[in-house]
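An overview of the molecular structure
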Amino acid sequence: MYDPLHGVDGQVRDIWIRDGRIVDAPSDPAVRPDKVLDAAGLVVMPGGVDMHCHIAGPKVNAARKMRPEEKRKAEHIMRTSKTRSGTMGSTPSTFATGYKYAGMGYTTAFDAATPPLAARHVHEELEDTPCIDKGFFVLMGNNHYIMRSIQRKEPERLKTFIAWLLGAAKGYAPKLVNPGGVEVWKQLPSGNVHGLDENVEHYDVTPRQIIEATARGANELKLPHPVHIHANNLGMPGNWATTLETMKTLGDTRGHLTHIQFHSYGGGVGDQDTFNSKVVELAEYVNTHPNLTIDVGQVLFGKTTSMTGDGPLGYYLSNIYHTKWFSADVEMEAGCGIAPIEYRDKSLVHSLQWAIGLEWYLLVKDPWRVAMSTDHPNGGSFLAYPQIIQLLMDRTFREEAIKQVHPAVRERSTLAELTREYTLYEICIITRSGPAKILGLANKGHLGPGADADITIYMPNDDKRVMFEMPRFVIKDGRVIVEQGEIREVTTGKLLHVAPGYDTSIETDIAEWFEKYYSVRFRNYPVSDDYLHDHEIIGCG
Amino acid sequence: MSTTAASTKPVDPSVKVVTDATCTFCGCVCDDIDISVKDNHIIEAKRACVMGKAWFLNHHADDRPSCLIEGKPASVAEGVERAARILTEARYPIIYGLSDTTSEAQRVAVHIGDLIAGTVDTTTSVCHGPSGMAFQSAGEVTCTLGEIANRGDLIIFWGGNPAENHPRHFTKYSLMPKGMFLPNGRKDRTAVAIDVRNTKTAKAMDLFFQVKPRSDFECLWTLRALAKGIDLDPAVVKKDTGIELARWQDLMARMKACKFGVILFGMGLTMTRGKHLNSEALLSLARDMNAFTRFVVKPMRGHGNVTGADNVVTWSTGYPFGVNMSRGYPRFNPGEYTTSDTLARNEADAAMIIASDPMANFSQPARERLASIPYIALDPKDTPTTRAATVAFTTATYGINTAGTVYRMDDVPIFLRPAFESPHPSDFDVLTAIKHRVMELTNQQ
Ligand SMILES: [Zn+2]
């Protein structure tokens, strides 16, 4: 059994489950369990927790609509007597998404970018995403009410608004995507911000102010996951300086930097030849600042779809790769960009992106502060996690893989010099215990009494990819839902959301704001309880 | 909150007022209607347009039975049993319609399609299907309607007539509203119509391009060429499009000079010669324009929840319409799995039609086939389709009698505040009952 939160590192233990939760062993030795699952010789871990993926909502669905070409030849998800049919490709249909996560031993996943105006859509899709518990982050980094509150120097109002908005959307955490940059994109041709101190017209605020103010407000609310940041300048050579500034802007407040791989590049703007890794410098900062956490956003070679709330990024990518392009600006709140992408191992840039992701896993010393992600489907599918595990646990395999990619990886990153190999215990941390802790989910990512009985049981194998691709058993809320890759029982899973308290007098002002600038009525904006399937409110504080 | 319930207290205590109710008549899905109800009749629909008023005020629950089997009154339970048998005994069952019901009901319908290895198709296949196909090849640069209201300073209506088909589009979203960056409303906007007909919409514009019929493709490519600075022969342009080159050049200059350009297009573009190639050219033009300024494009969808149907079918199966599940997994092929085709080719041998009237508007061969096979119809109203159905359910009207979710033409999900209860069951209830019976009959969970 591996339960890093309780320091259990491969010891033989019993786990007792009652009513979907893990409980203490009964003190009375006469008490017999109703059912016993013999896991002798197997590897037992908490269910996997994906803290950053794109699996539901308008953006994901637009990608499904736009890309029929990748579905016909992909694996067919057949209807069975228990399960719905579906399609794969880089953005699987909702039912397929649930089955595939569960089949891989993941039991919780968070969609990373929901415009609150579309929250109902996300709730509908998540209810149709079976087997896993789920939640979503609410886009706030280009929200006009937030920018106005900063402009007017009203931090208290901003904080109250964050609480109101999370409650109205029934979301989980504030998300900043290219703070300020998306608003500039809406205002100007090819608009964007390129640094933390550029001005966002109309509100006269800067990305730095948005980051600072939102992070402070969210931390004061004691949210379980205060702020999830997709920094400015994603994908641009030389963007590491912006990333470092973003970290510094947080000071010692808690903050999570997501898909940090895409934000760790040296080199000159528009100059591919100077592109290189700056992970050493950035990881050094993370290592010495315990308030910071990251997920990686690992790139894998192959075809996928880039999708983001970062409107200008979609335009940039579709122009450099000459692909179709979807963009949708959401009034008062957010943007969205989608473009097909193929990561090629012969490409210098793509090879370096791949290497930079791996460097992040290997250079952050404390595994509790680095979570596994591919930013599904941006860097690759969540189904690639077993492949990443193999790259981290098996140095020989990694060295072979480095030989297959662009040779510049050896000079422009430190990957080839890194000898670290992850242990099972550490893998358990970066794939479940760590993300659960970063998200503030007290009942996930561990196997102690009180935890949700979400448990994954693997057959040990020297080939770690094989081991993690097909668990022997997956248990969700105490029920065996997967055996050897086959779905045995379909559960709906529950929605995880927050409901922070706030001073309701702010609603008068928000209502006025809505009647002036939104195309829907204020009263029709908050998501009612009717949209919740099974759910759990995660407390603040 | 000055605008909500408290301020509109009715004098007559027998009148119930539902504020901020939603009109599902067209794709605008206006959610600011105040409905007054007396004795299960809507007596007022404040802020609704002409069409919306007709929708609300003419609504009365049909006193037909909730279920008819072969034209004879039957219980809903009997209808459900017969429906489930029809669907499970067929070799090529199809499910069609879906655009005028809640997304909750749509989800159940798609589930039934999966259980019976059927084909699911929506009215998208006969209206904006070509836009959907163009979307797959070009993508789309778009935005929500509030974004147009707040920023759009050049508005082009192409092959659509919102003045008559979406009456509040002008006032709420596209022409009149004072937006964040357009403090003077209409005065801050330039409005252009491009159409073969001089419509009511055209009359409300600053510029009108009455183009040659069936030349939309040439018009769009003329603009695409001008955007790229390619020289064109004035004589050819005039002959192909019916419009002087100089006028196209003037339009392109305005398109490049605006801050936030918007093209709203209708079925006048998608259902004329060129079809999805027209849509693709238009989507590409909007994309091209982003090299110069911000530009977006948006199809103006008709039916109340056709956008929801696209979304639900997509997230469930991966494809937006015309989805066949006979092999146990979804396949997509417009022209092969779309309903007018599966009927006209005599492939479909049973059908379930939800909130749609193909018997009134499909081709002769398709109608003949539908009339010859057993089929189920769900509709609040008596229609040619319900009249010829083997099993016809009279259902409650969404938005008036039932709650649920509707997706506006810009994908914004809006929920419904029903005015009063119907004596008839909802689509959701009937479909859920059929689904459960289908599961029993086919041994599925
Ligand atoms: Zn992401």
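Reference entry: report on the structure contained in this document. (Residues numbered from 1 in each chain as written. Chains lettered and ligands numbered in written order. Predicted model: local features only at pLDDT ≥ 70, side-chain atom pairs only at ≥ 80, totals over all residues. Heavy atoms only, no water.)

Here the focus is the sheet that holds strand β1 (residues 15-21) of chain B. All names here are of chain B. The three strands lie next to each other as β1-β2-β3, forming an open sheet whose pairing is antiparallel. Edge positions in the open sheet fall to β1 and β3 (41-46), since each of these has one partner strand only. Sheet twist, expressed as the mean angle between neighbouring strand axes with direction ignored, is 20 degrees. Looking at chain direction, β1 and strand β2 (residues 33-38) are connected through five bridges and run antiparallel. Within β2, the residue paired with Val17 across the bridge is Ser36. Against the sheet, helix α1 (residues 50-57) engages β2 and β3, with an angle of about 160 degrees to β3. (Pairing = 2+ DSSP bridges. Helix = DSSP H or I, 4+ residues; strand = E, 2+ residues; numbered from the N terminus. Axes fitted to C-alpha atoms, helices over the stretch in contact; angles between N-to-C directions. Contact = heavy atoms within 4.5 Å.)

Residue and element names in this part refer to chain A. Looking at chain direction, strand β22 (residues 473-476) and strand β23 (residues 479-483) are connected through four bridges and run antiparallel. Bridging from a neighbouring strand, Val474 pairs with Val482 of β23. The antiparallel hairpin formed by β22 and β23 contains two residues in its connecting segment, where Asp477 sits at a positive phi of about 50 degrees. Relative to strand β24 (residues 486-487), β23 runs antiparallel, the two being bridged by two bridges. In the strand pairing of β24, Val482 is matched with Ile487.

Our focus in this paragraph is empty space enclosed by the protein. The rolling of a water-molecule-sized probe over the atoms marks out the regions of remaining empty space. Following the criterion strictly, the structure yields six cavities of 30 Å³ or more and no others. Empty space within the largest cavity amounts to approximately 550 Å³. Lining of the largest cavity is provided by 36 residues; of these, Lys65(A), Phe326(A), Glu140(B), Thr142(B) and Asp411(B) occupy positions nearest its centre. Of all the secondary structure elements, the ones that give two or more residues to the lining of the largest cavity are α1 (58-66) and β18 (325-329) of chain A together with α4 (129-138), β8 (139-143), β13 (294-299) and α14 (306-317) of chain B. Looking at the lining of the largest cavity, the element that brings in the most residues is α1(A), giving four residues. Classifying every residue of the lining of the largest cavity gives 18 nonpolar, ten polar and eight charged. Shared between two domains, the lining of the largest cavity takes at least three residues from each, and those domains are domain 2 (67-128 + 304-441) and domain 3 (130-299) of chain B. Approximately 100 Å³ is the volume found for the second largest cavity. In terms of lining, the second largest cavity is formed by 14 residues, of which the most central are Cys23(B), Cys26(B), Cys28(B), Cys30(B) and Cys49(B). (1 Å grid on protein atoms, 1.4 Å probe; cavity = no way out; pocket = protein on both sides within 12 Å on 5 of 7 lines; lining within 4 Å. Points joined across faces, edges and corners; volume = space filled by probe spheres on them. Nonpolar A, V, L, I, M, F, W, Y, C, P; charged D, E, K, R; others polar. Domains from an automatic or database assignment.)

Backbone hydrogen bonds hold the strands of a sheet together, and the pairing may be parallel or antiparallel. Pairing is mixed in the open sheet, where four strands are placed in the order β17(A)-β19(A)-β18(A)-β8(B). At either end of the open sheet lies a strand with only one pairing partner, and these are β17 (302-308) of chain A together with β8 of chain B. Ignoring which end each strand starts from, the neighbouring axes of this sheet average 20 degrees apart. Here two bridges tie β18(A) to strand β19 (residues 337-343) of chain A, and the two strands are oriented antiparallel to one another. Looking at β19(A), one finds that Phe326(A) is bridged to Ile338(A).

Contacts between chain A and chain B engage 65 residues on the former and 75 residues on the latter. Ranking the residues of chain A by area buried against chain B places Lys65(A), Arg79(A) and Arg523(A) at the top, with a combined share of 13%. There are eleven salt bridges connecting chain A and chain B. The salt bridge partner of Asp114(B) is Arg79(A), with a shortest N-O separation of 3.7 Å. Viewed at the interface, chain B and chain A are joined by 48 residue pairs in polar contact (both at pLDDT 80 or more). (Buried area = accessible area lost by both parts, 1.4 Å probe. Salt bridge = Lys/Arg side-chain N within 4 Å of Asp/Glu carboxyl O. Polar contact = N/O pair within 3.5 Å; in protein donor to acceptor, adjacent residues only side chain to side chain.)

Residue and element names in this part refer to chain A. The protein atoms that coordinate the zinc ion are His52 (NE2), His54 (NE2) and Asp375 (OD), at distances spanning 2.0 to 2.1 Å. Counting gaps between the donor residues of the zinc ion yields the pattern H-x1-H-x320-D. Each of the two residues, His52 as well as His54, counts as buried. (Donors = N, O, S within 2.8 Å, 3.2 Å for Na, K, Ca; no water. Buried < 20%, exposed > 50% of the residue type's maximum accessible area, 1.4 Å probe, protein only.)

Now for the pattern of salt bridges. Close approach of charged atoms allows side chains of opposite charge to pair. One pass over the full model with this rule turns up 64 salt bridges over all chains. Its salt-bridge partner being Arg395(A), residue Glu399(A) comes within 3.4 Å of it at the nearest N-O pair. Linking Glu399(A) with Arg395(A), this pair stays in helix α13 (residues 395-404), spanning four residues, or about one helical turn. Residue classification places Glu399(A) among the partly exposed residues on the basis of a relative accessible area of 34%. Note that Arg47(B) and Asp34(B) form a salt bridge whose closest N and O atoms lie 2.9 Å from each other. Here Arg47(B) is found in the loop between β3 and α1, whereas its partner Asp34(B) is found in strand β2, with 13 residues between them in sequence. By relative accessible area, Arg47(B) is classed as partly exposed at 34%. Residue classification places Asp34(B) among the buried positions, given a relative accessible area of 5%. Taken together, the shared-partner salt bridges connect Arg21(A), Asp133(A), Lys444(A), Asp452(A), Asp454(A), Lys476(A), Asp477(A), Lys494(A) and Glu536(A) into one network.

Attention shifts here to the layout of surface pockets. Residues and elements named next belong to chain A. In this structure, the largest pocket encloses a volume near 1100 Å³. What lines the largest pocket is a set of 36 residues, and nearest its centre among them are Ile15, Trp16, Ile17, Lys35 and Leu37. Broken down by secondary-structure element, the contributors of at least two residues to the lining of the largest pocket are β3 (16-18), β21 (455-458) and β23. With three residues, the top contributor of residues to the lining of the largest pocket is β3. Of the residues that constitute the lining of the largest pocket, the class distribution is 20 nonpolar, five polar and eleven charged.

Without other data, these values stay purely geometric and don't point to any function.
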